[in-house]
Amino acid sequence: MANRVLKEKKTRFNLVDFIIIAVVIACIIATVFRGAIIDKLRFATSADTVEISFCAENLTEQDLVFIAVGDELSLDRESFGTVKDYKVKERQSVVVPSQDGTGFEIATDSSRYTVTGTLEIKGQNTDEGFFFGKDTHIGVGKVLNLEGKNYNISIVITKITEN
């Protein structure tokens, strides 16, 4: 009869075993989650500085009077960046329909100006790209409407350089 008792004795999975395994799995998940949270918090507290090149077209002579190196520009009423330098192209080239209507040709408009330059801005550099504020993605080709002290300007980002 003793042999029979030994043969029938099997290892059983009980509530104590389940609790121990659940606690171990919870500790592993918490460790991984904590590491991910710390990385995200580190990005949120560090502000990266980049230099962006921009182009602004269709500016009048009156618009050019107010633009100066060192101007602080804002986006949605938040400080966006500082004008590092800029150059003015005297006559703006525009594409217009040709006289015969079969195509297009380049003409110059002497009453409008094109400005190219660089801005220094601060934001967060993440795996998804560079962001200003919480949700404004800054990338090449992005059009931004910025506000200066006495003027508004619409720019197209042409290049981003990390400092």
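These numbers were taken from a predicted model, which means no experiment stands behind them.

Undergrad: Which parts of the structure should I look at to understand the environment of Leu59?
TA: With respect to the secondary-structure elements, Leu59 resides in strand β1 (residues 48-59). According to the relative accessible area criterion, Leu59 is buried, its value standing at 6%. Not counting the four nearest positions on each side in its chain, Leu59 is found in contact with Leu64, Ile67, Ser111, Arg112, Tyr113, Val115 and Ile153.

Undergrad: It is not clear to me how a negative patch on the surface should be interpreted in this structure. Could you clarify?
TA: On the surface, a cluster of negative charge is contributed by Asp76, Glu78, Asp135 and Glu147. Looking at where Asp135 falls in the secondary structure, it is placed in the loop between β7 (129-132) and β8 (136-138). Classification of Asp135 as exposed rests on a relative accessible area of 64%.

Undergrad: What's the story with the nonpolar core in this structure? I'm lost.
TA: Inside soluble globular proteins, nonpolar side chains tend to come together where they are buried. Counting 24 residues, the largest nonpolar core has Phe80, Leu119, Ile138 and Leu146 as the members making the most contacts within it. Contributions of two or more residues to this core are made by β1, β2 (72-75), β3 (78-89), β6 (113-126), β7, β9 (143-147) and β10 (152-162). Among the elements that make up this core, the one with the highest residue count is β1 (5 residues).

Undergrad: I tried to follow a nonpolar patch on the surface on my own but got confused; where do I start?
TA: Nonpolar side chains collect at one region of the surface, where Phe13, Leu15, Phe18, Ile19, Ile21, Val23, Ile25 and Ile29 lie side by side and expose about 830 Å² of accessible area between them. Relative to the elements of secondary structure, Ile25 occurs in helix α2 (residues 15-45). The class of Ile25 is partly exposed, set by a relative accessible area of 46%.

Undergrad: Hey, could you run me through the packing of aromatic side chains in this one?
TA: Under the criterion given, the structure shown has 1 aromatic pair. Judged by centre distance (5.0 Å) and plane angle (75°), the rings of Phe80 and Phe132 are edge-to-face. Taken together, the residues span a long stretch of sequence, with Phe80 in strand β3 and Phe132 in strand β7 at a distance of 52 residues. Both residues of the pair, Phe80 and Phe132, count as buried.

Criteria and cut-off values
- Residues numbered from 1 in each chain as written.
- Predicted model: local features only at pLDDT ≥ 70, side-chain atom pairs only at ≥ 80, totals over all residues.
- Heavy atoms only, no water.
- Helix = DSSP H or I, 4+ residues; strand = E, 2+ residues; numbered from the N terminus.
- Buried < 20%, exposed > 50% of the residue type's maximum accessible area, 1.4 Å probe, protein only.
- Contact = heavy atoms within 4.5 Å.
- Patch = residues over 30% accessible without salt bridge, like charges linked within 9 Å, V, L, I, M, F, W, Y side chains within 5 Å.
- Areas by Shrake-Rupley, 256 points an atom, 1.4 Å probe, with all protein chains shown as cover.
- Salt bridge = Lys/Arg side-chain N within 4 Å of Asp/Glu carboxyl O.
- Lys, Arg positive; Asp, Glu negative; His and termini not counted.
- Charge placed at Lys NZ, Arg CZ, Asp CG, Glu CD.
- Core = buried A, V, L, I, M, F, W, Y, C linked by side-chain atoms within 4.5 Å.
- Phe/Tyr/Trp six-rings, centres within 6.5 Å; stacked < 30°, edge-to-face > 60°.

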